[in-house]
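# Structural overview
Read off the chains here:
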Amino acid sequence: MTSRRPTTTDDLLARTLREEAGPLVARLSRRFGDFDLAEESVQGAVVEALTSWRRDGPPQRPGAWLQVAATRNAMDGMRHRDRQRALAARADVPTTDEAGEGTDDRLALLFACCHPALAPDARLALTLRAVVGLTTPQIARAFLVHESTLAQRIVRAKRKIVSAGIALTVPPQADLTSRLTDVLAVVYVMFNEGFVSSTGPAQDRDLAADAVWLADVIATSLPDEAEAWGLAALLTIQHARGRARFADGDLVLLRDQDRDLWDHDAIAAGERLIERAASLRQPGRYQLQAAIAAVHATAASWAETDWLQISLLYEELSRHDPSPVVRLNHVVAHAQVVGPVDALARLETLAEPLAEYHLFHATRAELLTSVGRDDEAAAANRRALELTANDAERRLLTTRLHRRPLSDGS
Amino acid sequence: MKYVLMYTSRPDLAGETDPEAAHAIYKRVYEWFGENAGVMADSGAELLGVETATTVKHDADGAVVVDGPFNEAKEVIGGFSVIDVADMDAAIAVVKSWPMLDLPGVAVEIRPMVEDYSHMEG
């Protein structure tokens, strides 16, 4: 927010693409019976829009503009092919119209892009391109990957969708929940990429905002899936606190954040999403994470946070997700309830699985500081610094290391 | 679309199943072929063990004949089928019910078959 000043045109473009790119790919691939062609045509139109709208200002009906441009590209593409093959392809179009009545095109596309038969890194890249409408250079910038590497990854995934017969449909009820897990995981990763790298190189799209939007689309389209609402709630609340997470490009820890900068309306909206999820009575990891985020987001200050509640929620969360990282977060909350000595003992049980995880060492450093074991704390901080890959986090840890004698543990 | 299903196993792990359980699984395999007869484009074949395999491979001096399967992978192909279903999801659904998947080391590779050679023409 602070470093990035998008023009109105870019904002409008981002919003239009978000709303239109996915459905357009789905519609064109149905019409022409060719996902690859549809995807290329929409991407072509996106690139045309980027240059033309910035130069001449946005058109009166941006959605229609994009549709006309993409359809024209697709027609050109068809014309370049053997006419016989084109006709054959058109005859071959699966009759998704019957099955797809009332289901969202965009959702079907999302399920195809997040299909378990595609490599996980390809799922995210393809989703960003086909569903969200980001261009390959934009995605490459966001993930600090070589454009050619990323382009290759996307091409390979698209080819597999087409040649291996991955259907552009929302899976039937029996498979829906397990397939949805993959879809939600992609959106979650997408949000975190956007959230963590927001001080990285200047971006022309806000990935985190796109992820919040996408989570909302999924929940609204699949209203009986509790975890979809849970993810929407979680991302809404996290995003609402986004503005306070950085000051002058430096990462600000939750305890030090200016809570006036949080978007309290969005936090309240997130709480309503949690209630909506809870009413379906299928608890899950995203709902629990959202509940934890909500306790933090509604506390008046770090000191007044309901740590017991958070600790209990983490305990429940570790039943759904017994990963060491969840257990680490549990220890952090636990420390606030019972004190650092007991927490340190618990933390040591995670030393092996989290040996390479910077936040393990950063947490350990904090606990060691608060019990006065300063030399060990400094060593742990140095280890954390060696392991962190993110510039903002590295700066935070460096600051902490240098002001160690005066530190209050933050 | 036609897909080839390649049934693979790990001989090093296969020995651990007791004969009675193995017999039960073979019975279920037989039933499985019956249940899926509708999608079988070619019921394929079960293959004899890897110890019977002979490989002909490229060599600087021309083709050479060697004993054994073509690579030293732990997994070996034990048989194959050809199915004809609507899409990948349908193929996955068929494969997920393959009774042998209850055994450790068993995996099934799904590969679409090339059916359209028109793009080769020019």
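Residues numbered from 1 in each chain as written. Chains lettered and ligands numbered in written order. Predicted model: local features only at pLDDT ≥ 70, side-chain atom pairs only at ≥ 80, totals over all residues. Heavy atoms only, no water.

## With respect to the overall build of chain B
- Summing up its helical and strand segments, chain B has 3 helices and 6 strands in all.
- On the principal axes, the C-alpha backbone points of chain B span a range of 50 × 40 × 20 Å.
- For chain B, buried positions account for 26% of its 122 residues.
- Of all intrachain contacts in chain B linking residues separated by at least 6 positions in sequence, the fraction that spans at least 24 positions is 77%.
- Carbon and sulfur atoms make up 56% of the accessible area of chain B, which amounts to about 8,100 Å² in all. (Helix = DSSP H or I, 4+ residues; strand = E, 2+ residues; numbered from the N terminus. Buried < 20%, exposed > 50% of the residue type's maximum accessible area, 1.4 Å probe, protein only. Contact = heavy atoms within 4.5 Å. Areas by Shrake-Rupley, 256 points an atom, 1.4 Å probe, with all protein chains shown as cover.)

## Focus on the overall build of chain A
- Scanning chain A for helices and strands turns up 20 helices and 2 strands.
- The buried share among the 410 residues of chain A stands at 50%.
- Considering only residue pairs separated by 6 or more positions, chain A has 67% of its internal contacts joining residues 24 or more positions apart.
- Surface exposure of chain A reaches about 19,700 Å², of which carbon and sulfur atoms provide 51%.

## Topic: the side chain of A:Gln138
Residues and elements named next belong to chain A.
- Summarising the element assignment, Gln138 is placed in helix α8 (residues 136-143).
- Look at Gln138 and you get buried, because its relative accessible area is 8%.
- Of the polar contacts made by the side chain of Gln138, one reaches the backbone nitrogen of Thr135; its length is 2.9 Å. (Polar contact = N/O pair within 3.5 Å; in protein donor to acceptor, adjacent residues only side chain to side chain.)

## Section: unusual backbone geometry
Residue and element names in this part refer to chain A.
- Although it is not a glycine, Arg281 adopts a positive phi angle of roughly 55°.
- In this structure, Arg281 sits in the loop between α13 (264-278) and α14 (285-298).
- By relative accessible area, Arg281 is classed as exposed at 72%.

## Notes on the side chain of A:Lys158
Residue and element names in this part refer to chain A.
- Position of Lys158 relative to the elements: it lies in helix α9 (residues 147-163).
- Residue classification places Lys158 among the buried residues on the basis of a relative accessible area of 2%.
- A distance of 3.1 Å separates polar atoms of two side chains, one belonging to Lys158 and the other to Glu39.
- With near-sequence residues (within four places) excluded, Lys158 lies in contact with Phe35, Asp36, Glu39, Glu40, Leu126 and Arg129.

## Some details on the interface of chain B and chain A
- Chain B puts 9 residues into the contact, and the matching count from chain A is 8 residues.
- The leading source of residues in the side of chain B that touches chain A is helix α3 (residues 88-96) of chain B, at 3 residues.
- Across the side of chain B that touches chain A, the residue classes break down as 5 nonpolar, 1 polar and 3 charged. (Nonpolar A, V, L, I, M, F, W, Y, C, P; charged D, E, K, R; others polar.)

## As for the environment of A:Leu354
All names here are of chain A.
- Looking at the element boundaries, Leu354 is found in the loop between α17 (340-348) and α18 (358-370).
- Look at Leu354 and you get buried, because its relative accessible area is 4%.
- Separated by 26 residues in the primary sequence, Leu354 and Leu328 have C-alpha atoms spaced 8.8 Å apart.
- Here Leu354 is in contact with Pro324, Val325, Leu328, Phe360 and His361, once residues within four sequence places are set aside.

## Points about the UniProt feature "domain: RNA polymerase sigma factor 70 region 4 type" (unreviewed entry) in chain A
- Cross-referencing UniProt, the feature "domain: RNA polymerase sigma factor 70 region 4 type" (unreviewed entry) maps to residues 111-161 of chain A in the present numbering.
- Between the end C-alpha atoms of residues 111-161 of chain A there is a gap of 11 Å, over a span that is 75% helix and 0% strand. (UniProt positions renumbered as here; feature names shortened; annotations may be inferred.)

## Some remarks on the sheet that holds strand β5 (residues 76-84) of chain B
All names here are of chain B.
- The strand order β2-β5-β1-β6 describes an open sheet built from 4 strands, whose pairing is antiparallel. Each having just a single partner strand, β2 (40-46) and β6 (107-112) make up the two edges of the open sheet. Taken over all neighbouring pairs, the strand axes of this sheet differ in orientation by 20° on average, direction set aside.
- Packed onto the sheet, helix α2 (residues 19-35) meets β1 (2-9), β2 and β5 and runs at close to 155° relative to β2. (Pairing = 2+ DSSP bridges. Axes fitted to C-alpha atoms, helices over the stretch in contact; angles between N-to-C directions.)

## What about the pairing of β5(B)?
Residue and element names in this part refer to chain B.
- One ladder, built from 8 bridges, connects β1 with β5; its direction is antiparallel. When the sheet's bridge partners are listed, Lys2 is paired in β5 with Asp84.
- Bridge count between β2 and β5: 4 bridges; the pairing is antiparallel. Looking across to β5, one finds that Glu46 is bridged to Gly79.

## Re the pairing of strand β4 (residues 62-67) of chain B
Residue and element names in this part refer to chain B.
- Of all 6 residues that make up β4, 0 are buried, and the element is exposed over most of its length.
- For strand β3 (residues 54-59) and β4, the ladder comprises 6 bridges, and the chain directions are antiparallel. Looking across to β4, one finds that Asp59 is bridged to Gly62.
- Between β3 and β4, which pair antiparallel one after the other, the connecting turn spans 2 residues.

## Things to note about the environment of A:Pro116
Residues and elements named next belong to chain A.
- Of note, Pro116 is situated in the loop between α6 (105-113) and α7 (120-131).
- Sequence-wise, Pro116 and Arg179 are 63 residues apart; in three dimensions their C-alpha atoms are separated by 7.7 Å.
- Apart from residues no more than four positions distant in its own chain, Pro116 is found in contact with Arg123, Arg179 and Asp182.

## A short note on the nonpolar core
All names here are of chain A.
- Leu128, Ile218 and Leu235 are the most contacted members of the largest nonpolar core, which totals 109 residues.
- In terms of residues, this core owes the most to one element, helix α11 (residues 207-221), which gives 10 residues.
- The contacts of Ile218, once residues within four sequence positions are left out, are Leu107, Leu110, Leu180, Val183, Leu184, Val187 and Ala228. (Core = buried A, V, L, I, M, F, W, Y, C linked by side-chain atoms within 4.5 Å.)

## Quick word on the confidence of the model for chain A
- Confidence along chain A averages 85 in pLDDT terms, with 88% of residues attaining 70 or more.
- Low pLDDT, under 50, characterises residues 1-5 of chain A; the stretch is placed with 5 contacts to residues that sit more than four places away or in other chains. (pLDDT = per-residue confidence, 0-100.)

## Focus on the packing of aromatic side chains
- Under the counting rule described, the total for this entry stands at 8 aromatic pairs over all chains.
- Ring plane angle 70° and centroid distance 4.8 Å describe the contact between A:Trp302 and A:Trp307, whose orientation is recorded as edge-to-face.
- Taking 4.8 Å as the distance between ring centres and 75° as the angle between the ring planes, the aromatic pair formed by B:Trp32 and B:Trp98 counts as edge-to-face. With a gap of 66 residues between them, B:Trp32 in helix α2 and B:Trp98 in the loop between α3 and β6 connect regions that are remote in the sequence.
- We classify B:Trp32 as buried; its relative accessible area is 2%.
- Here the aromatic residues B:Tyr7, B:Trp32, B:Phe33 and B:Trp98 are joined through ring pairs into a cluster of three or more.
- It is A:Arg241 that lies over the ring of A:Trp262; its NZ or CZ is 5.7 Å from the centre.
- Positioned above the aromatic ring of A:Tyr286, the side-chain terminus of A:Arg285 is 5.5 Å from the ring centre. (Phe/Tyr/Trp six-rings, centres within 6.5 Å; stacked < 30°, edge-to-face > 60°. Lys NZ or Arg CZ within 6 Å of the ring centre and 35° of its normal.)

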